[in-house]
Amino acid sequence: MTDGTDVVVVFGGTGRQGGAVARELLRRGRTVRAVVRDPSSDGARSLAGAGAELATGDMDDAASLDAALRGAYGVYSVQTFTGPDGPEGEVRQGGLVAEAAARAGVSQFVYGSVGGAERGSGVAHFESKGRVERRIEALGLPATILRPVFFMENFQGPLGPARRDGALVLALPLRPTTALQMIAVADVGVLAADAFDDPAGHLDRRIEIAGDELTGPRMAEVFAEVAGEPVRWETTPVEDVRARDEESATMFTWFDTRGYAADLPALRAQRPELRTLAVWARDNWAPPGR
């Protein structure tokens, strides 16, 4: 156990984003206390194996939050809208974590939000993060708000290139001229760790973060280079998406009409090694079977 004076408490450490933050902080020699519901889970054991201290806690249980944050220097907070209570549960848990951090008197609070959270997107799981941001502000926490854009890891699932009649096709509900900003989850960890390394340069800031910006046809070319075969770009009618999922249709309509607004030149000046889609795909994507 540590004395807590340099401990960063990480929420969501068994997930993609919180896990990336926890591992990057550990790589830099930080003391990480990961709040987990089940310390015997594979994800929790993996974090412990990487060097994290585990604290059993529940983001809906204020007493366990107070115990987890006792004596901590800082907090990385991220919640999910995919739980049983959806975006409302995300707002509730995000608020409870922020309130616990205020009670604990932490010196630095970094919140993993989303690009566009403050711009009235109408996307429920963007608006929920905006509500958490406002709660953090109302509490007067010494905070940095990081707003990641579209995760490159989304291409590992149904949004990535699919094989149709033997050919690879990347189909998204975007016009071919629309450029989509994106970021690798690992780079969220890098930029969050940078915030903890340089509090003076990050406190009381809201920063939209991205690593690349490409049109759909250019994305298809990137995946083709990795696959070693052609990848065709197609624009999916947004109404086809709406018939399956209203939320996704609203999100892609926002991408196509307003979109993210990360300052890529400034981010690359700070971190030239931020992953492009080409670098990420080479290391993390494989074409579906022929």
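Going by the structure above, here's the rest.
Novice: Describe the pattern of salt bridges, with residues and values.
Specialist: Between side chains of opposite charge, a pair can form when the charged atoms approach closely. For the structure on display, the rule yields 31 salt bridges. Residue Arg45 is joined to Asp42 by a salt bridge in which the shortest nitrogen-to-oxygen separation is 2.6 Å. Of this pair, Arg45 and Asp42 both sit in helix H2 (residues 42-50), separated by three residues, roughly a single helical turn. According to the relative accessible area criterion, Arg45 is partly exposed, its value standing at 47%. Since its relative accessible area comes to 60%, Asp42 is described here as exposed.

Novice: Quick rundown of the sheet that holds strand S7 (residues 150-151)? Include the residues and the values.
Specialist: Spatially, S7-S10-S12 is the arrangement adopted by the three strands of the open sheet, whose pairing is mixed. On the outer flanks of this sheet lie S7 and strand S12 (212-215), each paired with one strand and no other. Two strands pair when backbone bridges link them, and S7 and strand S10 (residues 179-183) are joined in this way by two bridges, in the parallel orientation. The partner of Phe151 across the bridge, within S10, is Ile183.

Novice: Tell me about helix H3 (residues 62-69), residues and numbers included.
Specialist: Inspection of H3 places Ser64, Leu65, Ala68 and Leu69 among the buried residues, and these make up the whole buried set. Down the axis of H3, the buried side of the element spans an arc of 125°, and every buried residue falls inside it. On its buried side, H3 packs onto strand S1 (7-10), strand S2 (31-36), strand S3 (53-56), strand S4 (74-77) and helix H4 (86-104). Sitting at the head of H3, Asp61 places a side-chain oxygen 3.1 Å from the backbone nitrogen of Ala63. Taken from the residues just after H3, Gly71 is the one with a positive phi, measuring 75°.

Novice: Break down the nonpolar core for me, citing the residues and quoting the values.
Specialist: Counting residues in hydrophobic clusters, the biggest one holds 65 residues, and the most contacted among them are Tyr76, Phe155, Met219, Phe223, Phe255, Leu277 and Trp280. Ranked by the residues each element gives to this core, the list is headed by helix H6 (residues 185-197), at seven residues. Membership of the second largest hydrophobic core comes to 23 residues, among which are Ala55, Ala101, Val106 and Ile136.

Novice: Tell me about the packing of helix H5 (residues 124-139) against helix H10 (residues 246-257), residues and numbers included.
Specialist: Where H5 contacts H10, the axes come no closer than 9 Å and their chain directions differ by 80°. The angle between H5 and H10 falls in the class roughly perpendicular. Residue-level contacts link Ala124, His125 and Phe126 of H5 to Glu247, Met251, Trp254 and Phe255 of H10. Of the residues contributing to the contact of H5 with H10, the split by class is five nonpolar, one polar and one charged.

Novice: Which residues make up the side chain of Thr178, and what values go with them?
Specialist: Structurally, Thr178 can be placed in the loop between strand S9 (167-172) and S10. Overall, Thr178 belongs to the buried group, its relative accessible area being 7%. Here the side chain of Thr178 touches Asp256 through a polar contact of 2.5 Å, side chain to side chain. When neighbours within four sequence positions are excluded, Thr178 is seen to be in contact with Leu214, Thr215, Gly216, Phe255 and Asp256.

Novice: Residues and numbers for the packing of aromatic side chains, please.
Specialist: Following the criterion strictly, the structure yields ten aromatic pairs and no others. Residues Phe150 and Phe255 carry aromatic rings whose centres are separated by 6.1 Å and whose planes lie at 85° to one another, so their mutual orientation is edge-to-face. One end of the pair, Phe150, is in strand S7; the other, Phe255, is in helix H10, and 105 residues separate them in sequence. The pair Phe150 / Phe255 is uniform in exposure class, with both members buried. A network of ring pairs unites the aromatic residues Phe126, Phe150, Phe155, Phe223, Phe252, Trp254, Phe255, Tyr260 and Trp285 as a single cluster.

Novice: Got a sec to walk through the environment of Leu214? Specific residues and values, please.
Specialist: Within the element layout of this structure, Leu214 appears in strand S12. Ignoring any residue separated from it by four or fewer positions in sequence, one finds Leu214 in contact with Thr178, Ala179, Leu180, Met182, Met219, Val222 and Leu277.

Novice: How would you summarise the layout of surface pockets if you had to cite specific residues and measurements?
Specialist: Size it by volume and the second largest pocket reaches roughly 160 Å³. In terms of lining residues, the second largest pocket is bounded by 13 residues, among which Arg205, Ile207, Glu208, Leu267 and Gln270 are the most central. Every element with two or more residues in the lining of the second largest pocket is listed here: strand S11 (205-209) and helix H11 (264-270). In terms of residue count, the dominant contributor to the lining of the second largest pocket is S11 (four residues). Counted by class, the lining of the second largest pocket contains eight nonpolar, two polar and three charged residues.

Rules used in this analysis
Residues numbered from 1 in each chain as written. Predicted model: local features only at pLDDT ≥ 70, side-chain atom pairs only at ≥ 80, totals over all residues. Heavy atoms only, no water. Salt bridge = Lys/Arg side-chain N within 4 Å of Asp/Glu carboxyl O. Helix = DSSP H or I, 4+ residues; strand = E, 2+ residues; numbered from the N terminus. Buried < 20%, exposed > 50% of the residue type's maximum accessible area, 1.4 Å probe, protein only. Pairing = 2+ DSSP bridges. Arc of directions from axis to C-beta. Contact = heavy atoms within 4.5 Å. Polar contact = N/O pair within 3.5 Å; in protein donor to acceptor, adjacent residues only side chain to side chain. Core = buried A, V, L, I, M, F, W, Y, C linked by side-chain atoms within 4.5 Å. Axes fitted to C-alpha atoms, helices over the stretch in contact; angles between N-to-C directions. Parallel < 35°, antiparallel > 145°, perpendicular 65-115°, else oblique. Nonpolar A, V, L, I, M, F, W, Y, C, P; charged D, E, K, R; others polar. Phe/Tyr/Trp six-rings, centres within 6.5 Å; stacked < 30°, edge-to-face > 60°. 1 Å grid on protein atoms, 1.4 Å probe; cavity = no way out; pocket = protein on both sides within 12 Å on 5 of 7 lines; lining within 4 Å. Points joined across faces, edges and corners; volume = space filled by probe spheres on them.

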